[in-house]
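Residues per chain are reported as follows:
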Amino acid sequence: FDLQGTPSVAAFGMRRLDETARDVQYFCDSYCPDARLRLSPDASPIRGDLAGLPPAVFTVGTEDALIDDTLLMYSAWRAAGNQGWLDVWPDGPHGVGHYGVHAETTLGAACRARVHRRIGRFLDDLAPDVHPKP
């Protein structure tokens, strides 16, 4: 959410759970080669006006180099008046529950189940006639 980089990316170093700090830098350089443009909300959405955006679920593991991005974006999302939920998964790397080392573990399954429940509740509240509650 911030291509300038957050402290957790710098602190992550060369540990490889899914990505290293160097990998994150490579992705940022590839996506937005001009470092000056990384200050733009078009490249780093956390720097933009977040008011009036739809509800969002933020999911991150404590072993994710991008944990600060997620925590900061969740805080900015809520400060802008948007509905949001945050789940932080102990020992979870980037992509916890979706791919990588925890795609098929108990931790990954728990993460996916929670995300699916949140989405289901949101859809039920949005269209109660389509998805009637038992």
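Not measured: the values here are computed from a predicted model.

Trainee: Help me understand the nonpolar core in this model?
Mentor: In globular proteins that are soluble, nonpolar side chains generally tend to be buried together. By size, the foremost hydrophobic cluster in this structure holds six residues: I46, L50, A56, F58, M73 and W77. Mapped by element, the contributors of at least two residues to this core are β1 (56-63) and α3 (67-79).

Trainee: What should I look at first to understand the side chain of D87 in this one?
Mentor: Its place among the elements puts D87 in strand β2 (residues 84-93). Engagement of the side chain of D87 in a polar contact is seen with the side chain of R118, the distance being 2.8 Å. Setting aside its immediate chain neighbours within four residues, D87 contacts V57, F58, T59, V60, R114 and R118.

Trainee: Looking at this structure, I do not really get the packing of aromatic side chains. What am I missing?
Mentor: Two descriptors summarise a pair of aromatic rings, namely the distance from one centre to the other and the angle between the planes of the rings. Tallied over the full model, the rule gives three aromatic pairs. Relative to F27, the ring of Y26 has its centre 5.9 Å away and its plane inclined at 65°; by these criteria the two rings are edge-to-face. Centre to centre, the rings of F58 and Y74 are 5.9 Å apart; their planes meet at 70°, and the pair counts as edge-to-face. In this pair, F58 sits in strand β1 while Y74 sits in helix α3, placing the two residues 16 residues apart along the sequence. Within the aromatic cluster, the residues linked to one another by ring pairs are F58, Y74 and W77.

Trainee: Would you mind showing me how to read the pattern of salt bridges here?
Mentor: Should their charged atoms come close, side chains of opposite charge can pair. Applying the stated criterion across every chain yields a total of four salt bridges. Close ionic contact of D34 with R36 constitutes a salt bridge, the shortest N to O distance being 2.9 Å. On the accessibility criterion, R36 (67% relative accessible area) is exposed. Ionic contacts of the salt-bridge type, sharing partners, join the residues D87, R114 and R118 into one network.

Rules of the game
- Residues numbered from 1 in each chain as written.
- Predicted model: local features only at pLDDT ≥ 70, side-chain atom pairs only at ≥ 80, totals over all residues.
- Heavy atoms only, no water.
- Core = buried A, V, L, I, M, F, W, Y, C linked by side-chain atoms within 4.5 Å.
- Buried < 20%, exposed > 50% of the residue type's maximum accessible area, 1.4 Å probe, protein only.
- Helix = DSSP H or I, 4+ residues; strand = E, 2+ residues; numbered from the N terminus.
- Polar contact = N/O pair within 3.5 Å; in protein donor to acceptor, adjacent residues only side chain to side chain.
- Contact = heavy atoms within 4.5 Å.
- Phe/Tyr/Trp six-rings, centres within 6.5 Å; stacked < 30°, edge-to-face > 60°.
- Salt bridge = Lys/Arg side-chain N within 4 Å of Asp/Glu carboxyl O.

Function-wise, these values are silent; they only describe arrangement.
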